[in-house]
Amino acid sequence: MLLVANRVTFGTTPAVQAEITQLGISGWVDAQLALTGPDPAVEAQLGGFRTLGVSRQAMYAIAQEQNDPVEEELVHSNVLRARSSRHQLFEMMAHFWMDHFNVYLDSGRWKHLHIDYQENVIRPNALGRFSDLLQATAESPAMLVYLDN
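Residues numbered from 1 in each chain as written. Predicted model: local features only at pLDDT ≥ 70, side-chain atom pairs only at ≥ 80, totals over all residues. Heavy atoms only, no water.

1. Focus: the packing of aromatic side chains
- Overall, the coordinates contain four aromatic pairs when judged by the stated rule.
- Look at phenylalanine 96 and tryptophan 97: their rings are 4.8 Å apart centre to centre, the planes differ by 70 degrees, and that puts the pair in the edge-to-face class.
- A relative accessible area of 13% places tryptophan 97 in the buried class.
- One aromatic cluster is present, built from ring pairs that chain together Phe96, Trp97, Phe101 and Phe130. (Phe/Tyr/Trp six-rings, centres within 6.5 Å; stacked < 30°, edge-to-face > 60°. Buried < 20%, exposed > 50% of the residue type's maximum accessible area, 1.4 Å probe, protein only.)

2. Some words on a nonpolar patch on the surface
- A surface patch of nonpolar side chains, amounting to about 360 Å² of accessible area, comprises Tyr104, Tyr146 and Leu147.
- By the element assignment, tyrosine 146 lies in helix 10 (residues 141-146).
- What makes tyrosine 146 partly exposed here is its relative accessible area of 40%. (Patch = residues over 30% accessible without salt bridge, like charges linked within 9 Å, V, L, I, M, F, W, Y side chains within 5 Å. Areas by Shrake-Rupley, 256 points an atom, 1.4 Å probe, with all protein chains shown as cover. Salt bridge = Lys/Arg side-chain N within 4 Å of Asp/Glu carboxyl O. Helix = DSSP H or I, 4+ residues; strand = E, 2+ residues; numbered from the N terminus.)

Here is the structure:
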């Protein structure tokens, strides 16, 4: 039980352990797979983040400000989701795909594309069909800039 919790969550908690004990391992994994998309309770906590849920153009404008919040909000949203989401398998898969289809955009003028990439390319496809994810990443502005195309 602990092995499963450590492999498919960001850290076992008493609540996760209780759920796995109650549902069994395969029942818990099935329940996690039934939770499509991000956890609405956690997403509501992210409502104050200016960089989430805006267009690329709006994000670019935010990134040009003197006190640019792009990197800070990206890091904080990832930590909050990993720590607080009940949809742990979804969050683990989103993290896995962000690592797998990694784009390094810390070059200053393109970093705003990283949030767009995470929010509009990786997360919507985290538990979907691989071919859809592959197509979305290949057509993403963040990936095109990263690959210098």
